[in-house]
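As a plain string of letters, each chain reads:
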Amino acid sequence: MKNKLLTIALIASVVAGCTKSANNNIVSPDTNKTVSDNTELPDGAASKSTARPFKGSLSYQINTSLNLPCNCGPMGTIGDFEGQGTVTHMGLLRAKNKTCVAPIIVNGNYVGNRIVAQCASFIAANGDEIYCNIPAYDLYFTANGLATGTLEAEFTGGTGRFVNATGNFSGTMTVPLSNPGVATLSNINGTIGY
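Residues numbered from 1 in each chain as written. Predicted model: local features only at pLDDT ≥ 70, side-chain atom pairs only at ≥ 80, totals over all residues. Heavy atoms only, no water.

(A) Just the packing of aromatic side chains, in detail. Evaluation of the coordinates by the stated rule reveals seven aromatic pairs. Judged by centre distance (5.6 Å) and plane angle (40°), the ring pair of Phe 54 and Phe 169 falls under tilted. Here Phe 169 lies in strand β9 (residues 166–176) and Phe 54 lies in strand β3 (residues 52–62), a separation of 115 residues in the sequence. Judged by relative accessible area, Phe 54 falls into the buried class, the value being 0%. Ring centres 5.6 Å apart and planes at 35° place the aromatic pair Phe 155 and Phe 169 in the tilted group. Placement of Phe 155 in strand β8 (residues 146–158) and of Phe 169 in strand β9 is noted, with a sequence separation of 14 residues between them. The exposure class of Phe 155 is buried, given its relative accessible area of 4%. (Phe/Tyr/Trp six-rings, centres within 6.5 Å; stacked < 30°, edge-to-face > 60°. Helix = DSSP H or I, 4+ residues; strand = E, 2+ residues; numbered from the N terminus. Buried < 20%, exposed > 50% of the residue type's maximum accessible area, 1.4 Å probe, protein only.)

Shown next, in the form of structure tokens:
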């Protein structure tokens, strides 16, 4: 009889927790502040991934010891880049990619580079990784000695808690022409679900 009452109580608590509207308080790991999560869940959705803001910035530099396995194909290889920075929901992280390049020529003038990032990922402090697909984007030379452009990326899964990561982001990539072995990805703005 005691086991049956415990089973009924357990079932009742699960059913009560699976309501259409979830109102949970969550402690943000970035700020240690309590925030309210008033997420509308579809019927029967006890634990679906929800889109969360993904914002921040990273600094990259060339790292010849990464030896990433991706192939640039007909494009030229600049090299493997490793970065670090801070983004929401991941905190301090590392990043890596193989950067491929092709010149942009307009009316006979070299005005910028078409960039493709292969093997792109973000790595959280605990080692969990998010894989990124970054389609080709353009960096144009500016009068102040920079190459700059906007990249778009989408999350395509990962490891650990990010195994089912989805979402996308955009950001501003800036490379000083005097030192193309460093780059800054700023104004990261998007969402991530995991």
